[in-house]
Amino acid sequence: MRIENSFIPVRGVGERTERNLWQSGVTHWDEFDPGLVGGKTADRIESYIAEATAHLDDGNSHFFDDCFPSGERWRLYENFRDETCFFDIETTGLSPERDDVTTVSFYHGGETTTLVRGDTLTADTLAEQFSDAKLIATFNGARFDVPFLETSFDVDIDVPHVDLMYPCRTLDLTGGLKQIEKDVGIERDRPDISGRDAVRLWREYERGDDSSLETLVSYNREDTVNLERLMETVTDRLHTRACEGLDTTFV
């Protein structure tokens with residue numbers, strides 16, 4: 001599913017109207033036929049297509065973040081996949097006022113980078129990682145990772161965001177990230193460790209055990225890289241679900 005396949009951002013166009021357009025063979029903006037909907041709706045769709053095309057040509061993901069319903073923002077991924085930044089943080093606890101971020105791993109452009117507290121993790125290095133991103137992806141990051149970083153480092157992470165926990169729930173995939181990975185068939189190279197283990201490993205590193213930091217970083221990086229695999233699975237399933245029962249092909 002691409003942005004250009006979508007009509008649901010238009011005021012007055014709901015799931016039923018969008019599906020009716022798809023069923024009529026209108027699966028792309030270029031194929032829109034004003035005769036398939038009422039006059040006012042047609043005017044709004046044509047106006048949206050003209051404006052959205054310009055924003056898409058400019059790579060303006062913020063425009064689409066604003067106009068897509070929150071439950072449909074997963075549709076941005078296919079267009080901005082090459083500029084999507086997956087990330088995950090580890091902390092010493094749950095409170096950004098009392099606890100510390102220990103490591104942050106990023107995966108984008110096929111490369112993984114990990115920033116470590118007391119070494120490479122600063123407000124400037126965080127901002128640098130987000131600077132070229134058109135989309136960020138996390139698991140439970142809207143409630144945890146993003147506000148934790150913003151509070152701890154006084155940064156503003158103003159990038160369109162797909163928190164995969166919510167589209168997973170739409171697909172009845174519940175539980176934590178590790179459980180959902182198992183449910184969709186994503187395998188891990190390393191044994192699972194818990195958040196409590198992550199805190200223990202950091203404390204051991206603070207006492208001089210470098211191998212504990214290596215384990216923590218490896219765990220954090222695997223969490224981050226697996227987010228891409230989960231995104232691919234989730235968007236494929238949501239596309240199939242949105243098109244269920246339709247006799248048409250998307251371009």
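Quantities reported herein were computed from a predicted structural model and do not represent experimental measurements. (Residues numbered from 1 in each chain as written. Predicted model: local features only at pLDDT ≥ 70, side-chain atom pairs only at ≥ 80, totals over all residues. Heavy atoms only, no water.)

S.K.: Please provide a residue-by-residue account of helix α6 (residues 141–153), values included.
M.R.: Helix length check: α6, at 13 residues, gives a terminal C-alpha distance of 16 Å against a target of 18 Å (1.5 Å per residue), a shortfall beyond 12%. Bending of α6 peaks at approximately 25° at the position of Pro147. Taken residue by residue, α6 has Gly141, Asp145, Val146, Phe148, Leu149 and Phe153 as its buried positions. On its buried face, α6 sits against β1 (84–91), β2 (101–108), α5 (123–130), β4 (135–138) and β5 (161–163). (Helix = DSSP H or I, 4+ residues; strand = E, 2+ residues; numbered from the N terminus. Expected span 1.5 Å × (residues − 1). Bend = angle between axes of the 7 residues up to and from the residue. Buried < 20%, exposed > 50% of the residue type's maximum accessible area, 1.4 Å probe, protein only. Contact = heavy atoms within 4.5 Å.)

S.K.: An account of α5 is needed here, citing residue identities and associated values.
M.R.: Turning to α5, its buried residues number three or more, namely Leu126, Gln129 and Phe130. Along α5, the residues classed as buried sweep out an arc of 95° about the axis, all on the same side. Away from its buried face by more than 90 degrees, α5 exposes Asp124 and Glu128. The secondary structure elements touched by the buried residues of α5 are β1, β2, β3 (111–116), β4 and α6. (Arc of directions from axis to C-beta.)

S.K.: So what's going on with the nonpolar core? Which residues, and what values?
M.R.: Ranked by size, the top nonpolar core spans 49 residues in total, and within it Phe7, Phe64 and Leu230 carry the most contacts. Among the elements of the structure, α1 (15–23), α2 (39–57), α3 (61–67), α4 (77–80), β4, α7 (165–170), α8 (177–184) and α10 (210–242) are those that each provide at least two residues to this core. Both of domain 1 (3–58) and domain 2 (79–235) provide at least three residues apiece to this core. Leave out the neighbours within four places in its chain, and Leu230 touches Phe139, Leu164, Cys168, Leu177, Ile180, Val184 and Ile186. Counting 19 residues, the second-largest nonpolar core is a separate cluster that includes Cys85, Leu115, Phe130 and Leu149. (Core = buried A, V, L, I, M, F, W, Y, C linked by side-chain atoms within 4.5 Å. Domains from an automatic or database assignment.)

S.K.: Quick rundown of the side chain of Asn5? Include the residues and the values.
M.R.: Along the chain, the position of Asn5 falls in the segment before α1. There is a polar contact of 2.8 Å between the side chain of Asn5 and the backbone nitrogen of Arg2. Separated by 2.7 Å, the side chain of Asn5 and the backbone oxygen of Thr27 make a polar contact. (Polar contact = N/O pair within 3.5 Å; in protein donor to acceptor, adjacent residues only side chain to side chain.)

S.K.: Report on the domain arrangement of the protein, specifying residues and quantitative values.
M.R.: Each domain of the protein was delimited in the assignment, giving domain 1 (3–58) and domain 2 (79–235). Of note, the centres of domain 1 and domain 2, computed from C-alpha atoms alone, are 36 Å apart.

S.K.: Mind laying out the sheet that holds β3, listing which residues take part and the relevant values?
M.R.: Strand pairing in a sheet takes place through backbone hydrogen bonds and is either antiparallel or parallel in direction. An order of β3-β2-β1-β4-β5 is seen for the five strands of this open sheet, with the pairing classed as mixed. Of all the strands in the sheet, the pair left with one neighbour each is β3 and β5. Mean inter-strand twist for the sheet, computed between neighbouring axes without regard to direction, equals 20°. When β1 meets β2, the two strands line up antiparallel, connected through six bridges. Looking at the pairing, Phe87 lines up with Phe106 of β2. Docked against the sheet, α5 engages β1, β2, β3 and β4, running at close to 20° with respect to β2. Where α6 meets the sheet, its contacts fall on β1, β2, β4 and β5, and the angle it forms with β1 comes to roughly 75°. (Pairing = 2+ DSSP bridges. Axes fitted to C-alpha atoms, helices over the stretch in contact; angles between N-to-C directions.)

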